[in-house]
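Summary of the model geometry
Single-letter residue listing:
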Amino acid sequence: MTESAATGDDYFTENPHADVAAEAAGTPEAPESPETVEDIAEEVRDEIRLGHVDDEVSHVLEERLDDAGISMRPEDVDDLAEDIERDVSS
């Protein structure tokens with residue numbers, strides 16, 4: 001476990017793709033029911049399979065995470081995007 005320099009909160013680095021709930025659920029910027037990283041990743045997978053994603057997966061994923069109020073390190077977003085691309089291509 002490591003302490004976040006930005007917030008002082010603890011976070012775990014063992015599983016960078018662990019489910020993370022939206023920070024401000026119920027606010028106008030965040031959905032009423034918090035989405036998790038895996039929920040968003042599954043939505044992106046589905047949209048790629050349907051041919052609805054034209055941009056880089058990491059950009060789409062980062063935008064969706066931001067919209068849900070979920071903060072992840074850029075390298076973790078890139079790793080998750082690579083996992084999604086690998087899943088969809090197999």
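As shown above, the structure is provided for reference.
Residues numbered from 1 in each chain as written. Predicted model: local features only at pLDDT ≥ 70, side-chain atom pairs only at ≥ 80, totals over all residues. Heavy atoms only, no water.

1. Description of the pattern of salt bridges
- This model, assessed by the stated rule, comprises nine salt bridges.
- As a salt-bridge pair, Asp 87 and Arg 45 come within 3.1 Å of each other at their nearest N and O atoms. Here Arg 45 lies in helix 1 (residues 37-49) and Asp 87 lies in helix 3 (residues 74-89), a separation of 42 residues in the sequence.
- Classification of Asp 87 as partly exposed rests on a relative accessible area of 37%.
- Residue Arg 45 is classed as buried on the basis of its relative accessible area of 8%.
- Ionic pairing is found between Asp 83 and Arg 86, a salt bridge with its closest N-O pair at 2.5 Å. Residue Asp 83 and its partner Arg 86 are located together in helix 3, separated by three residues, close to a single helical turn.
- Residue Arg 86 is classed as partly exposed on the basis of its relative accessible area of 48%.
- Here the salt bridges do not stand alone but share partners, grouping Glu 38, Glu 42, Arg 45, Asp 46, Arg 49 and Asp 87 into one network. (Salt bridge = Lys/Arg side-chain N within 4 Å of Asp/Glu carboxyl O. Helix = DSSP H or I, 4+ residues; strand = E, 2+ residues; numbered from the N terminus. Buried < 20%, exposed > 50% of the residue type's maximum accessible area, 1.4 Å probe, protein only.)

2. Structural notes on a negative patch on the surface
- Negative charge collects at one region of the surface, where Asp 54, Asp 55, Glu 56, Glu 62, Glu 63, Asp 66, Asp 67, Asp 78, Asp 79, Glu 82 and Glu 85 lie side by side.
- Mapped onto the negative patch, the elements with two or more residues apiece are helix 2 (57-67) and helix 3.
- Along the chain, Glu 82 turns up in helix 3.
- Using a relative accessible area of 43% as the deciding quantity, one classes Glu 82 as partly exposed. (Patch = residues over 30% accessible without salt bridge, like charges linked within 9 Å, V, L, I, M, F, W, Y side chains within 5 Å. Areas by Shrake-Rupley, 256 points an atom, 1.4 Å probe, with all protein chains shown as cover. Lys, Arg positive; Asp, Glu negative; His and termini not counted. Charge placed at Lys NZ, Arg CZ, Asp CG, Glu CD.)

3. What about the packing of helix 2 against helix 3?
- Two numbers describe how helix 2 lies on helix 3: the axes approach to 9 Å, and their chain directions differ by 120°. It follows from the interaxial angle that helix 2 and helix 3 lie oblique. Our pair here, helix 2 against helix 3, has a crossing hand that is right-handed. Between helix 2 and helix 3, the contacting residues are Val 57, Ser 58, Leu 61, Glu 62 and Leu 65 on the first element and Val 77, Asp 78, Leu 80, Ala 81, Ile 84 and Glu 85 on the second.
- Counted by class, the contact of helix 2 with helix 3 contains seven nonpolar, one polar and three charged residues. (Axes fitted to C-alpha atoms, helices over the stretch in contact; angles between N-to-C directions. Parallel < 35°, antiparallel > 145°, perpendicular 65-115°, else oblique. Left-handed = near helix turned anticlockwise from the far one by under 90°. Contact = heavy atoms within 4.5 Å. Nonpolar A, V, L, I, M, F, W, Y, C, P; charged D, E, K, R; others polar.)

4. Some words on the packing of helix 1 against helix 3
- Closest axis-to-axis distance for the helix 1/helix 3 pair is 10 Å, and the angle between their directions is 45°. As judged from the angle between their axes, helix 1 and helix 3 are oblique. Between helix 1 and helix 3 lies a crossing whose hand is right-handed. Here Val 37, Ala 41, Val 44, Arg 45, Ile 48 and Arg 49 of helix 1 come into contact with helix 3, specifically with Leu 80, Ile 84, Asp 87 and Val 88.
- Per-class residue counts for the contact of helix 1 with helix 3 are seven nonpolar, no polar and three charged.

Any functional reading would require information that these geometric values do not contain.
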